[in-house]
Amino acid sequence: MKPRIALIAHDKKKDDMITLAAEYLDFLRNCQLSATGTTGGRLANELGLTVDRKHSGPFGGDLQIGAQLVNGQIDAVIFLRDPMTPQPHEPDINALVRACDVHNIACATNLASAHLVLSQLMAAGGHEKTKKGA
């Protein structure tokens, strides 16, 4: 079964998400990916990943991914948050992180934890990390 991963990044973290996804590109190609609007668009356009795109976060994308999670359709969430910029949809963000806690779903909110989660998922599936250009 393919790992089902949600990918979300605040505006100032989108470049970090693209860099992260490029590092795990071979692995992510073999996953079922969901992402919020702009993040999903960039992952598809810049890296060629197949992504089930939801609405942008402020327009309900976080809630859509939360619904998938509650329905058992997400195995891990990579949510690169910008802790220095106020978010107008902070209640939705908190609800998604809370849903991860309630349903015991791995939720990485920064690059360090994202690397740990993705590395562990790869190891569980027998994949090795292949860096872009390596």
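The name an unreviewed UniProt entry gives the chain is Methylglyoxal synthase, with Massilia agilis as the organism. If you open the UniProt record of the chain and go to Catalytic activity (unreviewed entry), you find "dihydroxyacetone phosphate = methylglyoxal + phosphate".

Asker: Mind laying out the side chain of T39, listing which residues take part and the relevant values?
Answerer: Its place among the elements puts T39 in helix α3 (residues 37-47). Owing to a relative accessible area of 3%, T39 belongs among the buried residues under this scheme. A polar atom in the side chain of T39 sits 3.3 Å from the backbone oxygen of A9. Engagement of the side chain of T39 in a polar contact is seen with the side chain of K14, the distance being 2.9 Å. If near-sequence neighbours (up to four positions away) are discounted, T39 is found in contact with L7, I8, A9, K14 and M17.

Asker: Now, about the state of the cysteines: what can you tell me, with residues and values included?
Answerer: Per the stated rule, a full pass over the model turns up zero disulfides. Note on C31: no disulfide assigned, nearest cysteine sulfur contributed by C100 at a separation of 16 Å. Considering cysteine sulfurs only, C100 is the nearest to C107, which forms no disulfide, with 4.0 Å between them. Look at C107 and you get partly exposed, because its relative accessible area is 26%.

Asker: Break down the side chain of D92 for me, with residues and values.
Answerer: Within the fold, D92 resides in helix α5 (residues 90-102). With near-sequence residues (within four places) excluded, D92 lies in contact with G57, D62 and L63.

The rules we used
- Residues numbered from 1 in each chain as written.
- Predicted model: local features only at pLDDT ≥ 70, side-chain atom pairs only at ≥ 80, totals over all residues.
- Heavy atoms only, no water.
- UniProt positions renumbered as here; feature names shortened; annotations may be inferred.
- Helix = DSSP H or I, 4+ residues; strand = E, 2+ residues; numbered from the N terminus.
- Buried < 20%, exposed > 50% of the residue type's maximum accessible area, 1.4 Å probe, protein only.
- Polar contact = N/O pair within 3.5 Å; in protein donor to acceptor, adjacent residues only side chain to side chain.
- Contact = heavy atoms within 4.5 Å.
- Disulfide = S-S within 2.5 Å.

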